[in-house]
Amino acid sequence: MKKRIYIVLATLLGIAFGMNGGERKDSLLTLEQCVSMALENNRKSINSRNNVEAAVYLKREAFTKYFPEIAAMGMAFWANHDILQYNLLDIVELGLIKKGKVAGVQALQPIFTGGLIVNGNKLAEVGEEVARLRHQQTENELRLTTETLFWKLNTLESAMNVLNTAVAFLDTLENEVKVMVDAGLITRNDLLKVQLKRNNYLAEKVDLENGILLVKMLLGQYVGLGVTGNIQISAEVPEVPPACPYDLYTPTVNALPLTADYQLLQKNVEAKKLEKRMEIGSNLPSVALGAGWYYHDLLEQNHNFGSIQLAVNVPLTGWWSGAYGIKRRNLELTNAKNELDDLGEQLQIEMQDKWNNLTAAHRKMQIEKDGIAQSEENLYLNKMYYEAGMCTLSDLLEAETSRKESGDRYVAAYGNFCTAKSAYLIATGR
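Parameters and conventions
- Residues numbered from 1 in each chain as written.
- Predicted model: local features only at pLDDT ≥ 70, side-chain atom pairs only at ≥ 80, totals over all residues.
- Heavy atoms only, no water.
- Phe/Tyr/Trp six-rings, centres within 6.5 Å; stacked < 30°, edge-to-face > 60°.
- Patch = residues over 30% accessible without salt bridge, like charges linked within 9 Å, V, L, I, M, F, W, Y side chains within 5 Å.
- Areas by Shrake-Rupley, 256 points an atom, 1.4 Å probe, with all protein chains shown as cover.
- Salt bridge = Lys/Arg side-chain N within 4 Å of Asp/Glu carboxyl O.
- Lys, Arg positive; Asp, Glu negative; His and termini not counted.
- Charge placed at Lys NZ, Arg CZ, Asp CG, Glu CD.
- Helix = DSSP H or I, 4+ residues; strand = E, 2+ residues; numbered from the N terminus.
- pLDDT = per-residue confidence, 0-100.
- Contact = heavy atoms within 4.5 Å.
- Pairing = 2+ DSSP bridges.
- Axes fitted to C-alpha atoms, helices over the stretch in contact; angles between N-to-C directions.
- Parallel < 35°, antiparallel > 145°, perpendicular 65-115°, else oblique.
- Left-handed = near helix turned anticlockwise from the far one by under 90°.
- Nonpolar A, V, L, I, M, F, W, Y, C, P; charged D, E, K, R; others polar.
- Buried < 20%, exposed > 50% of the residue type's maximum accessible area, 1.4 Å probe, protein only.

**Student:** I'd like to hear about the packing of aromatic side chains, residue by residue, with values.
**Tutor:** Taken as a whole and assessed by the stated rule, the structure comprises 8 aromatic pairs. Ring geometry for Phe-63 versus Tyr-66: centroids 5.5 Å apart, planes at 65 degrees, classification edge-to-face. Taken together, Tyr-246, Tyr-249, Trp-355 and Tyr-424 form an aromatic cluster joined through their ring pairs.

Structure follows, in structure tokens:
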């Protein structure tokens, strides 16, 4: 009877830990597909792409300031009495201009604006670059979150597969033990232990089912499939853990200029310099050259003529308030430079932290893989001891539980390793 129990135990455990093999359905989504869908469909990514497009339009809008401003005007009027009235020798009253028409078109070309147009275009270009860098940040965030949710779901589903197999094993074992209890070979206490363990597993299944549904909803929402919880994934957990990726390591000082975060800090300094120049330019004289063609119909005479204008604007009192504005821009520029140095150092610390997390995740993954072999050996020995009457059923159940948990921990450790690797690559601008 005991030999039959051991055969069932070995078969079911073999099925449980072969759960990552076998055929995969085409409808299952791989990690790469989930990431691609998130970058394409997630609303954060869509809004980020819109922001880039808006920055491009703003840059084009700023470029139009180089060209002349052309305006047309027209007016017609009718008065209830003459606009101009004269009394000649207090004898004759003369009235003029009771109605008329005026029209014209004028072009005004900026010649010198204190650098406002040039620096404004440069600032708009910086704005476009900032929008693209922020879009890259958004994609990095989406990629890392998607991978985290993907491996979390895979871990939970793997745990559910192992748990279902363990419950099936206990169902079979319960029937076998009942037969042995009825035959008087063992006490009823052993049957209660099996039933108690089975109930504990069923309670774990309830929590696992809720966790799987929640993570599926989160992942589905992230990749643009909605929150129905119908998403299905395909993940391969290798039996042999991958080697530690020491070749990915790069000195933090070399990686710093590659990161979107540091480039944004540099763009902030560049923007503050341009804003300071524009503040200075707003207090300088401006010169514009204009030309126009005009027409009027007054005094019942039609006339049209052209003209050339030179417009000069000198802000005489502008420097009073402008001097304070320039000082304010100087302080903002100094703060931006300080943030570049301070946050740049923090980014290097974060890179090192991500590398430490990656190497630690690899060591933990290797430890959990070794734990599987140890738990298998422990289960094998307990089966032999139980067959020889040298250990109790509780010892055998405990060994089976340890074997199940070691498999769960390895799957989770592999997912943590993959996520840590992505986090390090993103932190170093790759």
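The discussion continues.
**Student:** Tell me what's going on with a negative patch on the surface, and back it up with residues and numbers.
**Tutor:** There is a patch of like negative charges on the surface, built from Glu-339, Asp-341, Asp-342 and Glu-345. Relative to the assigned elements, Glu-339 resides in helix α8 (residues 318-387).

**Student:** Give me the lowdown on the confidence of the model for the protein, citing residues and values where you can.
**Tutor:** Averaged over every residue, the pLDDT of the protein is 84; the share at 70 or more is 90%. Model confidence for the protein, summarised as mean pLDDT per element, is weakest for helix α1 (residues 2-16) at 42 and strongest for helix α3 (residues 43-63) at 94. Low pLDDT (under 50) marks residues 1-26, which in the prediction has 45 contacts with non-local residues, meaning those over four places away or in another chain.

**Student:** Kindly report on the sheet that holds strand β5 (residues 286-298), identifying the contributing residues and their values.
**Tutor:** A sheet is described by the order of its strands in space; here 4 strands give the open sequence β1-β4-β5-β6, paired in antiparallel fashion. With partners counted over all chains shown, the strands left at the sheet margins are β1 (69-78) and β6 (301-313), one partner each. Between one strand axis and the next, the sheet turns by 15 degrees as a mean value, whatever way the strands run.

**Student:** Break down the packing of helix α5 (residues 188-223) against helix α9 (residues 393-427) for me, citing the residues and quoting the values.
**Tutor:** The interhelical angle for the contact between α5 and α9, taken along N-to-C directions, is 20 degrees, at an axis separation of 10 Å. Judged by the angle between their axes, α5 and α9 are roughly parallel. Judged by the twist between their axes, the crossing of α5 over α9 is right-handed. Contacts from Asp-190, Lys-193, Val-194, Lys-197, Tyr-201 and Glu-204 of α5 reach α9 at Leu-393, Ser-394, Leu-397, Glu-400, Thr-401 and Lys-404. Split by residue class, the contact of α5 with α9 holds 4 nonpolar, 2 polar and 6 charged.

**Student:** So what about the environment of Val-167? Which residues, and what values?
**Tutor:** Tracing the backbone through its elements, the reader meets Val-167 in helix α4 (residues 116-182). Residue classification places Val-167 among the buried positions, given a relative accessible area of 7%. Residues Val-167 and Lys-197, spaced 30 residues apart in sequence, show a C-alpha to C-alpha distance of 8.8 Å. Apart from residues lying up to four places away in sequence, Val-167 is in contact with Arg-198, Tyr-201, Leu-202 and Lys-205.

**Student:** Talk me through the packing of α4 against α9; I want residue IDs and the actual numbers.
**Tutor:** Contact geometry of α4 with α9 gives a least axis separation of 9 Å together with a crossing angle of 170 degrees. On the basis of the axis angle, α4 is roughly antiparallel to α9. Of the residues that constitute the contact of α4 with α9, the class distribution is 18 nonpolar, 8 polar and 5 charged.

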